[in-house]
Amino acid sequence: MKRTLSLLLTAALSLSLMAGCGPKAPAEGGSAASTPGSVSASTGQPDGSGDASSAGDTSAAHGPTPRLMVLSGPTGVGAAKLMANADAGTPAATVEVVTDNSEVQAALVSKDVDIAAIATNTAASLYAQTDGGIQVLAINTLGVLYILEKGDTVHSIADLAGKTLYAPSNTKGANPEHILNHLLEGNGVNPSEVNIEWITPQEITVQMTSSDAGICMLPVPAATALMVQDSAVREAVSLSETWEDLEGSTLPMGCVVARTEYIEEYPDMVAMFLSAYEKSIDYINDPNNLADAAALVAQYGIAPNAKVAEKAIPQCSLTYVAGQEMKTALEDYYTILFQAEPKSIGGGLPYDDFYYGVG
């Protein structure tokens, strides 16, 4: 049934695109034509090993070192080892960590950066906005949203019915709200039955720590920081697990993208960057490296401190998914977001040329 819905939505969308709405219509035959407050560091070499013997020659032979921008928080965590390797003198990219998602989008559009780690819905929106000027390289983060409770009344998403939920005001109208509403409806709860108070993350912390009871929705590491600050606050529901139970698929919330122009001009640099980036994610994910990884994440301003980072990393759902598996996961996710709010993904489902290394 879900696959049938996906096909029907795609077909309906194709008709609207031919009328001039949404992403560029595909070429005849069905395939789309390709078109072209921070901490800085350089990132590790292509093989991720820390050997600096040929780092300079690599850039000279294959093109300029890519400029990477990441957000503090889950989507940036996987780059911490790259940044450490850079400080050791083995750059595979120069990296900038910022706190504002709009800054990353603006940098991609203005071509001030070549590669960036962003939310998956933002990637689709930028693809539409730039007429195919952005491609997604890999999924780097799965679900990072949690329902937290100070109390013991919420054990499933359905338990939110009739309750007040604090949620970050900067997520209203964005992916978290669409995900929450979809999960509520899928579990028999009309979203109107939940009293959502959209307030700042700082206000959420005050409400939760100063009261005897409370329920909120936060992403990692903000969720982790709150539980560290107040031991009475517990993880009540993982929205990732709830999504998997409902949809039978993962929740791909973060990804790494690149400008199409850079990919086409310097394919070897992109391939080598991805090899190093995957190894960086593997390093951060390895439980044996947890303490060292947490120190790096804190050092580069991706989490507030090492204590929070050490508790947050296992909850960050870091991953590296590329190729056809990436395309399948994102298409399923985008179909659901399109049904909820087409504008959340730029007005339409991306075409095949959006997915790097596929086709």
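In the block above lies the structure referred to throughout.
All values reported here derive from a predicted model rather than from experimental measurement. (Residues numbered from 1 in each chain as written. Predicted model: local features only at pLDDT ≥ 70, side-chain atom pairs only at ≥ 80, totals over all residues. Heavy atoms only, no water.)

A. Broad picture of unusual backbone geometry. Of note, the bond from valine 220 into proline 221 is cis; its omega dihedral lies within 30 degrees of zero at 5 degrees. One can find proline 221 in the loop between strand 9 (214-219) and helix 9 (222-229). With a phi angle near 65 degrees, lysine 111 is a residue other than glycine that sits in the positive phi range. Within the secondary structure layout, lysine 111 lies in the loop between helix 5 (101-109) and strand 4 (115-119). Despite not being glycine, serine 317 shows a phi value in the positive range, around 55 degrees. (Helix = DSSP H or I, 4+ residues; strand = E, 2+ residues; numbered from the N terminus.)

B. Looking closely at the packing of helix 6 (residues 120-129) against helix 15 (residues 323-340). Where helix 6 meets helix 15, the axes come as close as 11 Å, and the angle between the chain directions of the two elements is 80 degrees. Taken together, the axes of helix 6 and helix 15 lie roughly perpendicular to each other. In this structure, helix 6 contributes Thr120, Asn121, Ala123 and Ala124 to the contact, and helix 15 contributes Leu330, Tyr333, Tyr334 and Leu337. Tallied by class, residues from the contact of helix 6 with helix 15 come to 6 nonpolar, 2 polar and no charged. (Axes fitted to C-alpha atoms, helices over the stretch in contact; angles between N-to-C directions. Parallel < 35°, antiparallel > 145°, perpendicular 65-115°, else oblique. Contact = heavy atoms within 4.5 Å. Nonpolar A, V, L, I, M, F, W, Y, C, P; charged D, E, K, R; others polar.)

C. Representation of the packing of aromatic side chains in the model. The final tally for this structure, using the stated rule, is 7 aromatic pairs. Residues phenylalanine 273 and tyrosine 277 carry aromatic rings whose centres are separated by 5.5 Å and whose planes lie at 15 degrees to one another, so their mutual orientation is stacked. Remark: tyrosine 277 and phenylalanine 273 occur in helix 12 (residues 267-285); sequence separation between them is 4 residues, near one turn of the helix. Both residues of the pair, phenylalanine 273 and tyrosine 277, count as buried. Ring geometry for tyrosine 333 and tyrosine 334: centres 6.2 Å apart, planes at 35 degrees, overall tilted. (Phe/Tyr/Trp six-rings, centres within 6.5 Å; stacked < 30°, edge-to-face > 60°. Buried < 20%, exposed > 50% of the residue type's maximum accessible area, 1.4 Å probe, protein only.)

D. Spotlight on the nonpolar core. Membership of the largest hydrophobic core comes to 108 residues, with the highest contact counts inside it found for Ile147 and Tyr334. Beyond its immediate stretch of four places on either side in the chain, tyrosine 334 contacts Thr120, Asn121, Ala123, Ala124, Ile345, Leu349, Pro350, Phe354 and Tyr355. (Core = buried A, V, L, I, M, F, W, Y, C linked by side-chain atoms within 4.5 Å.)

E. Highlighting the pattern of salt bridges. Taken as a whole and judged by the stated rule, the model has 9 salt bridges. By sharing partners, the salt bridges in this structure join Arg67, Lys111, Asp114, Arg259 and Glu261 into a single network. (Salt bridge = Lys/Arg side-chain N within 4 Å of Asp/Glu carboxyl O.)

F. Main features of the pairing of strand 8 (residues 195-199). Pairing between strand 7 (residues 164-168) and strand 8: 5 bridges, direction parallel. Bridge pairing in strand 8 places leucine 165 opposite isoleucine 196. A crossover connection joins strand 7 to the parallel strand 8 through helix 7 (residues 175-186); in handedness this β-α-β unit is right-handed. (Pairing = 2+ DSSP bridges. Right-handed = clockwise from strand over helix to strand, strands pointing away.)

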